[in-house]
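Close look at the chain arrangement
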Amino acid sequence: MSKSHTIGVIPGDGTGPEVVAEGLKVLGAVSRIYGIDFKFREFDLGGKRYLREGVLLPDSALSDLAQMDAIFLGAIGDPDVPPGILEREILLKMRFKLDLYVNLRPVVLLPGVETPLKDKGPGDIDFVVIRENTEGVYAGGGGFFKKGTPDEIALQESVNTRKGVERCVRYAFECCRRRNRKRRLTLCAKTNVLIYESDLWRRCFEEIRDDYPDIETGYQHVDALCMWMVKNPEEFDVIVTSNLFGDIITDLGAIIQGGLGIAAGGNINPEGTAMFEPMGGSAPKYAGKNVINPMAAIGACQMMLAHLGEAEAAAGLMDAMESVTQHHLSSLEAGKMEYGTSEVGDLVAEKIENLEI
Ligand code: IPM
Ligand code: MN
């Protein structure tokens, strides 16, 4: 085997370990067929460990994670941990400390998968959202004044740096060029109301686009963009936006591509490491039942392969996923799939083993 990649694996909580197991099964098949050597290193992080040991994301784990070529995360979340702690102290901390400044969310309807959008098929829903991942309101600035009194004031600040906006916008142009589809990049902001934040985004976007004369550019206010995502999703190719708007529109994206059973994303530092994850969360009520759909986790592995430069393997895995959704999975919802979690992993792995390459 010639190529080797070191992958940090965070199975995490709830259904995380089950879907990660299927992702690893599929990567095993990829490794055999494409001659890629993966070295996996598991990290015990998440709500379970926090409840057991009071440990969230220690500095030692962070520096080890920073050394990984990529990170594969199942899910973090536990009903016994108050909301916000695991999100802020593990997921967001990882984004900030590893400077994973791009959140990459393909919104692709695979063949055979149902979309709630009337009269739309796979060719119509195929775009990518690039969400800034380390700034905006997620930076956590603000505070209370006179908390708990009738005169209380809550301030929530949105931090947007020129450097942060520029690097994200530039990544989006590059991504659009690499994708080489419609070559259309849409800036999503709210210039009519957010007169500082969105103005900075608009100016950076307009300056950078001069370097990309081959890319057609457009602009949508975030509210209108939500309507167009539903009405005319085929108009989009790549969308670039700020952290909170990206968070919101990618959930809309997830549902039009068939739901959380299929949606995967990447948190990327193009100069460092990157973390790939299914978007579905820990789904505690389905944990241990072999009913959750592992397709999103497998999709996260597919994105990871592409990111690692394994283009051929990434394309092969995408073919295998499409073949499985087309022929075997009419419903992707937990509890409604006609296959169990591990059988879906088997189906994808078998398709890869049978690929002619
Ligand atoms: C996401 C999630 C996170 C976010 C939460 C869990 C903090 O919704 O990755 O989109 O808001 O970014
Ligand atoms: Mn979200």
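Details of the structure are given in the entry above.
Residues numbered from 1 in each chain as written. Chains lettered and ligands numbered in written order. Predicted model: local features only at pLDDT ≥ 70, side-chain atom pairs only at ≥ 80, totals over all residues. Heavy atoms only, no water.

1. Examining the environment of N293
Inclusion rule: In this text, helices come from DSSP runs of H or I with a minimum length of four residues, and strands from runs of E with a minimum of two, each type numbered from the N-terminal end. Think of it in three bands: residues with accessible area under 20% of the maximum for their type are buried, residues over 50% are exposed, and the middle band is partly exposed, with areas taken using a 1.4 Å probe on protein chains only. Any pair of nitrogen or oxygen atoms within 3.5 Å is treated as a polar contact; in protein, a donor-acceptor pairing is required on top of that, and neighbouring residues in sequence qualify only through side-chain atoms on both sides.
Inspection of the secondary structure puts N293 in the loop between strand 12 (274-278) and helix 9 (295-307). Taking relative accessible area as the criterion, N293 reaches 5% and is therefore assigned buried. Remark: the alpha-carbon pair of N293 and M321, spanning 28 residues in sequence, is separated by 12 Å. Only 2.8 Å separates the side chain of N293 from the backbone nitrogen of M295, close enough to count as a polar contact.

2. Considering the nonpolar core
Definition in use: Within this scheme, the nonpolar core is defined by two criteria: the residues are buried Ala, Val, Leu, Ile, Met, Phe, Trp, Tyr or Cys, and they are joined through side-chain atoms within 4.5 Å. Domain start and end points were adopted from an automatic or database domain assignment. Residue contacts are defined here by distance: any two heavy atoms, one from each residue, within 4.5 Å place the two residues in contact.
Within the largest apolar cluster, 83 residues are counted, with the highest numbers of intra-cluster contacts made by I130 and V240. Shared between two domains, this core holds at least three residues of each, these being domain 1 (1-102 + 263-357) and domain 2 (115-257). Apart from the residues within four sequence positions on either side, I130 is in contact with V102, N103, L104, C168, Y171, A172, C175, V238, I239, V240 and T241. L45, M68, I90 and L98 belong to the second-largest nonpolar core, a separate cluster that totals 20 residues.

3. Quick word on the packing of helix 9 against helix 10 (residues 311-328)
What counts, and what does not: Axes here mean lines fitted to C-alpha atoms, for a helix over just the part in contact, with angles spanning 0 to 180 degrees between N-to-C directions. An angle below 35 degrees is treated as roughly parallel, one above 145 as roughly antiparallel, one from 65 to 115 as roughly perpendicular, and anything else as oblique. Here a crossing is called left-handed whenever its near helix is offset anticlockwise from the far helix by less than a right angle, and right-handed whenever the offset is clockwise. Each residue gets one of three labels, nonpolar for Ala, Val, Leu, Ile, Met, Phe, Trp, Tyr, Cys and Pro, charged for Asp, Glu, Lys and Arg, and polar for the others, Gly among them.
Taken N-terminus to C-terminus, the directions of helix 9 and helix 10 make an angle of 160°; their axes are 8 Å apart at the nearest point. By the criterion of interaxial angle, the relationship of helix 9 to helix 10 is roughly antiparallel. Relative to helix 10, the crossing made by helix 9 is left-handed. Between helix 9 and helix 10, the residues in contact are M295, I298, G299, C301, Q302, L305 and A306 and A313, A314, A315, L317, M318, M321, V324 and T325, respectively. Among the residues forming the contact of helix 9 with helix 10, the class breakdown is 12 nonpolar, 3 polar and no charged.

4. Topic: the site of ligand 1
What counts, and what does not: A single heavy atom is enough: if one lies within 4 Å of a molecule or strand, its residue is considered near that molecule or strand. For the accessible areas, the method is Shrake-Rupley and the probe is 1.4 Å, while residue cover comes only from the protein chains on display.
The environment of ligand 1 is formed by E87, R95, R131, Y138, D247 and M279. Interatomic distance of 2.6 Å between a side-chain N/O atom of Y138 and an oxygen atom of ligand 1. Protein chains shield 72% of the accessible area of ligand 1, which is 320 Å² for the free molecule. The residue makeup of the shell around ligand 1, split by class, is 2 nonpolar, no polar and 4 charged.

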